[in-house]
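Here are the chains, one letter per residue:
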Amino acid sequence: MSEVHVVLPDGTQVLAGTLDFDLTPAGTLAATRFTYSAEYLTATGAYALCPELPMTPRPMTSVRLFGCFQDAQPDSWGRHLLQIATRHRGGNVTTMTEESFLLDVHDETRLGALRFRERGAFQAPAEDGVPTLVSIDRLVAAAQSTTRGTDDAEGMALLLAAGSSMGGARPKATVRDADGTLHVAKFPALDDRWDVQRWERITLRLAAAAGISVPESRFIARGASHGVLLLRRFDRVPHVGSAADNHGGSTGSRAPGLVRVGYMSAATLLQHEFGGGYKPDYVSLSEDLQALSHAPEADAHELFRRVAFTLLVRNTDDHMRNHALLRGSAVGTQVGRALGWRLSPAFDINPQPLAGIPMAPTPIDFDDADGPERDIRRLLKNAASFRLTQDDATVIVREVEEATSRWTQVALREGANPDEFEFFAKAFENPNRERARSFNASHRAQ
Ligand SMILES: Nc1ncnc2c1ncn2[C@@H]1O[C@H](COP(=O)(O)OP(=O)(O)O)[C@@H](O)[C@H]1O
Ligand SMILES: [Mg+2]
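Cut-offs used in this document
- Residues numbered from 1 in each chain as written.
- Chains lettered and ligands numbered in written order.
- Predicted model: local features only at pLDDT ≥ 70, side-chain atom pairs only at ≥ 80, totals over all residues.
- Heavy atoms only, no water.
- Helix = DSSP H or I, 4+ residues; strand = E, 2+ residues; numbered from the N terminus.
- Rg over C-alpha atoms; globule rule 2.2 N^0.38 Å.
- Buried < 20%, exposed > 50% of the residue type's maximum accessible area, 1.4 Å probe, protein only.
- Contact = heavy atoms within 4.5 Å.
- Areas by Shrake-Rupley, 256 points an atom, 1.4 Å probe, with all protein chains shown as cover.
- Lys, Arg positive; Asp, Glu negative; His and termini not counted.
- Charge placed at Lys NZ, Arg CZ, Asp CG, Glu CD.
- Donors = N, O, S within 2.8 Å, 3.2 Å for Na, K, Ca; no water.
- pLDDT = per-residue confidence, 0-100.
- Domains from an automatic or database assignment.
- Buried area = accessible area lost by both parts, 1.4 Å probe.
- Pairing = 2+ DSSP bridges.
- Salt bridge = Lys/Arg side-chain N within 4 Å of Asp/Glu carboxyl O.
- Phe/Tyr/Trp six-rings, centres within 6.5 Å; stacked < 30°, edge-to-face > 60°.
- Lys NZ or Arg CZ within 6 Å of the ring centre and 35° of its normal.

Moving on, we come to the overall build of the chain. Within the chain, the secondary structure is distributed over 15 helices and 15 strands. Taking 446 residues into account, the globule formula puts the C-alpha radius of gyration at 22 Å, and the chain, at 22 Å, falls close to it. Overall, the chain is about 70 × 50 × 45 Å in size when its C-alpha atoms are taken along their principal axes. Scored against the burial criterion, the 446 residues of the chain give a buried share of 59%. Taking as baseline every contact in the chain between residues at least 6 positions apart, the subset at least 24 positions apart corresponds to 66%. If you sum the accessible surface of the chain, you get close to 18200 Å²; carbon and sulfur atoms cover 51% of it. Treating the 48 positive side-chain charges of the chain as one cloud and the 56 negative ones as another, the clouds have centres 2 Å apart.

In structure tokens, the structure reads:
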């Protein structure tokens, strides 16, 4: 049994409840049980950890892991690292379970505001501190050697201190800046066909220009090699009150003054199980977002803008783990001021020039069968589901179209090679650009 602790938006930490795993003899998940603590149910600022876990004193069970705990687990990249770490320790990778994947993530860098305690220690205590930016090249080399299967103990130790906490499939690590701030560092992958992180940075700049909220980012060029994208972690914010520091690992604080911010993926919001038959669409995401958000109208408008952007840059991997909400703070407000869920800053938006590679586009509505070639006219038709009139929706599409039409300028500023533009035009000059322009024109003609 693990204790689940939550850092509330005012920075106080509370025992939220207990989590039990029921594993089959083969180690697969049979059921999980969660029970809120009496202390949490009456704490000021306490909230339901996910839609599956309403605040009630009775134990709740599920055949799957509740979404809020899945969000605190690693995805394929983090699991890959935890498996290598187990192998390095002489352990048996085949005995790793959903429980060990949850508890082996390092406490200090774990995504969101949940912490797990067993036998008095927050899981998992880190042997080494979070690496600093100075170690970026060594981290990239270590990440690449795990893909090649040539990992060495020293590189792995460095990577493990930072690598397993975030979700996603791309190689990445959490690193600390000179001022103590935490960043996600996204690395090149060995099979990348272009400088993916440079183009993610270009896309972030375009998103900001299109009025979308994005995390602070920085691109680290690495000569002739592909570069690294640094994203300031939005689930850690500076502490502004006087509540006790809650950030450090069990051995004490390494970054005083950072408060953990609650995180919920859109998959958790929608109670979506990956691999199941049902595929959520943006209209249903908008409806569920509005039901939970502290600012439903503003968040619905922002989501609409993000979908328009996604279509105009041909981002085809916008599945439900690439959208999220944050609890209070971090969305332009101070810690503790806004007590509620808000859309997080946007992340993982990448132009995809290639057709026919694995991708996970989110349909616009239930009837959308266009796959990655989604049609922006369908988005406009659904404007009301995002609390927008046709006119206001058209204005947003026009703004996003204008901002993204300057993609070559932004790319040049970010050091891209013009020789690449013909290739990237397949993403940025996709049919939605003409469509967006044409209904801008018809709108003006009215
Ligand atoms: N700036 C950020 N701050 C905090 N968490 C982030 C940030 N950016 C991404 N994440 C989290 O890390 C996960 C992996 O990042 P993502 O960019 O989606 O990587 P990948 O390309 O591997 O999917 C995301 O699903 C999200 O939970
Ligand atoms: Mg992702």
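A word on the coordination of the magnesium ion (ligand 2). Within the protein, the magnesium ion (ligand 2) binds to Asn 322 (OD1) and Asp 348 (OD); these donor distances fall in the range 2.1 to 2.2 Å. Within this pair, whereas Asn 322 is found in the loop between helix 10 (296-312) and strand 14 (324-327), its partner Asp 348 is found in the loop between strand 15 (341-343) and helix 11 (376-381), the two being separated by 26 residues in sequence.

Taken residue by residue, the chain gives an average pLDDT of 90. The fraction at 70 or more is 92%. In this model residues 242-255 is a low-confidence stretch, pLDDT under 50, and it forms 37 contacts with partners more than four residues away in sequence or in other chains. Overall, residues 330-337 carries pLDDT values under 50, and its contacts beyond four positions in sequence, including any with other chains, amount to 19 contacts.

With that settled, consider the domain arrangement of the chain. Domain boundaries assigned for the chain yield domain 1 (2-122) and domain 2 (262-445). Centre-to-centre, using C-alpha coordinates, domain 1 lies 30 Å away from domain 2. Counting from both sides, the interface comprises 17 residues of domain 1 and, opposite them, 15 residues of domain 2. Summed over both sides, the interface of domain 1 with domain 2 buries roughly 1400 Å², with 57% coming from carbon and sulfur.

Okay, the pairing of strand 9 (residues 217-222) next. Relative to strand 10 (residues 225-232), strand 9 is paired through five bridges, and the arrangement is antiparallel. From the neighbouring strand, Ser 217 faces strand 10, where its bridge partner is Leu 231. Linking strand 9 back to strand 10 in an antiparallel pair, the connection comprises two residues, with Gly 223 at a positive phi of about 60°.

Another point: the pattern of salt bridges. Opposite charge on two side chains lets them pair, provided their charged atoms get close. One pass over the full model with this rule turns up 35 salt bridges. Of the charged contacts, one joins Asp 107 and Arg 115 as a salt bridge, the two residues approaching to 2.5 Å between their closest N and O atoms. Here Asp 107 matches Arg 115 in class, with each residue buried. A salt bridge links Arg 433 to Glu 401; its shortest N-O distance comes to 3.0 Å.

Centre distance and the angle of the planes are the two values used to describe a pair of aromatic rings. The full count for this structure, using the stated rule, is 17 aromatic pairs. With 5.4 Å between their ring centres and 70° between their planes, Phe 304 and Phe 386 make a pair best called edge-to-face. Taken as a pair, Phe 304 in helix 10 and Phe 386 in the loop between helix 11 and helix 12 (390-405) lie far apart in primary sequence, 82 residues in all. Like Phe 386, Phe 304 is buried. Ring geometry for Trp 407 against Phe 428: centres 4.7 Å apart, planes inclined by 15°, an arrangement best described as stacked. Within this pair, whereas Trp 407 is found in helix 13 (residues 407-413), its partner Phe 428 is found in helix 14 (residues 421-428), the two being separated by 21 residues in sequence. Looking at Phe 428, the relative accessible area reads 0%, which means it is buried. An aromatic cluster is built from Trp 194, Trp 199, Trp 407, Phe 421, Phe 423, Phe 424 and Phe 428, whose rings are joined through pairwise contacts. Sitting over the face of the ring of Phe 122, Arg 115 holds its NZ or CZ atom 3.9 Å from the ring centroid.

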